[in-house]
Amino acid sequence: MVKSNKKQAKRPPAQPNASHQRCSICQSISDRCAAFWKGGELRGEDLPAAASRLSIVGAPFMDDDTGSSNACLKQCPECGTYYDWRFTYEYLFNGSEDEVVLTRISQAAGREWARRIAQAMEAYQAQFTAAAPQHIDALLHAPRHPDLIKQAVDFFWQGQRKGCDITFALPALIRALARISRKRDAAGTIKLTLSGFGSQSQQRLQLVREQLQASGTSRGPDIESLLTGCETLMRAN
């Protein structure tokens, strides 16, 4: 993910082409459009509604989170046109300023950015795979070494958010959950991780249920809430 508080240089808009002009999504998106908020209040026009239909290239490794300054590559699912999406955040005493700028870019620039994203995703996956065994070991030895357990839990939570498959870590995560205090931050993060995993499909939710039962942690209001929340998220999506 590209995160920066620095002002980004403006890219020149791509030259109009027949492909995006005929597209039911892109024809209502200008070469460059922006939305500005002051103190959480929108000042002026918002981005066109069609912009919400653009896909994020490399999601979920890349995202359009607005928790801090951010940038990502977006693409039209209909005609393939690429867009540079940038969010800048500036904290000010009299009201923070937030701005989103969406700029249509050339296909060549978009393909090059997509290539770099794919390389970064591959590198992250390799690093995740190499580091995973030591974190599995920490989870299996819970509740010893609380600091290592927290690092392990954060590792798998972040990996899942970045699109890594953590199915192999499920038994160790749930084993740790059964052995540590439910009041620890690590326990809360494990439940968030299980919720994200279980809400992806009925098959994954069933895996969570089976592992919870095997570890003896399938009861309790917090676990029931977790499982119900997974069902709710699946219906919403």
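To be clear, the structure that these remarks concern was listed above.
Not measured: the values here are computed from a predicted model.

**Quick look at the packing of helix 4 (residues 170-179) against helix 6 (residues 202-215)**
Describing two packed helices takes the angle between their axes plus the distance from one axis to the other.
Item 1. Orientation of helix 4 relative to helix 6, taken along the N-to-C sense of each, is 45°, at an axis distance of 9 Å. Considered as vectors, helix 4 and helix 6 are oriented oblique to each other. In terms of crossing hand, the pair formed by helix 4 and helix 6 is right-handed. Here helix 4 contributes Leu 170, Pro 171, Ile 174 and Ala 178 to the contact with helix 6, which in turn contributes Leu 207, Val 208, Gln 211, Leu 212 and Ser 215.
Item 2. Across the contact of helix 4 with helix 6, the residue classes tally to seven nonpolar, two polar and no charged.

**Examining a nonpolar patch on the surface**
Item 1. A cluster of nonpolar side chains, contributed by Tyr 89, Tyr 91 and Phe 93, occupies part of the molecular surface with about 440 Å² of accessible area.
Item 2. Along the chain, the position of Tyr 89 falls in strand 5 (residues 82-90).

**Regarding the nonpolar core**
Item 1. Ranked by internal contacts, the top residues of the largest apolar core, which has 61 residues, are Ile 29, Leu 73, Leu 102, Leu 139, Phe 156 and Ile 190.
Item 2. Once residues within four sequence positions are removed from consideration, Leu 139 is found in contact with Ile 149, Ala 152, Val 153, Phe 156, Ala 172, Leu 173 and Ala 176.

**So, helix 4**
Item 1. Along helix 4, the residues that are buried comprise Leu 170, Ala 172, Leu 173, Ile 174, Ala 176 and Leu 177.
Item 2. The elements touched by buried residues of helix 4 are helix 2 (107-140), helix 3 (146-161), helix 5 (185-198), helix 6 and helix 7 (221-236).

**Examining the side chain of Asn 70**
Item 1. Among the secondary structure elements, Asn 70 is positioned in strand 4 (residues 70-75).
Item 2. Looking at Asn 70, its side chain comes within polar contact range of the side chain of Asp 63, at 3.1 Å.

**With respect to the environment of Glu 97**
Item 1. The topology assignment puts Glu 97 in strand 6 (residues 97-105).
Item 2. Through-space distance from the C-alpha of Glu 97 to that of Gly 40 is 7.7 Å; in sequence the pair is 57 residues apart.
Item 3. With residues near it in sequence (within four places) discarded, Glu 97 still touches Phe 36, Trp 37, Lys 38, Thr 88, Tyr 89, Glu 90 and Leu 92.
Item 4. A distance of 3.2 Å separates polar atoms of two side chains, one belonging to Glu 97 and the other to Lys 38.

About the thresholds
Residues numbered from 1 in each chain as written. Predicted model: local features only at pLDDT ≥ 70, side-chain atom pairs only at ≥ 80, totals over all residues. Heavy atoms only, no water. Axes fitted to C-alpha atoms, helices over the stretch in contact; angles between N-to-C directions. Helix = DSSP H or I, 4+ residues; strand = E, 2+ residues; numbered from the N terminus. Parallel < 35°, antiparallel > 145°, perpendicular 65-115°, else oblique. Left-handed = near helix turned anticlockwise from the far one by under 90°. Contact = heavy atoms within 4.5 Å. Nonpolar A, V, L, I, M, F, W, Y, C, P; charged D, E, K, R; others polar. Patch = residues over 30% accessible without salt bridge, like charges linked within 9 Å, V, L, I, M, F, W, Y side chains within 5 Å. Areas by Shrake-Rupley, 256 points an atom, 1.4 Å probe, with all protein chains shown as cover. Salt bridge = Lys/Arg side-chain N within 4 Å of Asp/Glu carboxyl O. Core = buried A, V, L, I, M, F, W, Y, C linked by side-chain atoms within 4.5 Å. Buried < 20%, exposed > 50% of the residue type's maximum accessible area, 1.4 Å probe, protein only. Polar contact = N/O pair within 3.5 Å; in protein donor to acceptor, adjacent residues only side chain to side chain.

Taken by themselves, the reported measurements are silent on function.
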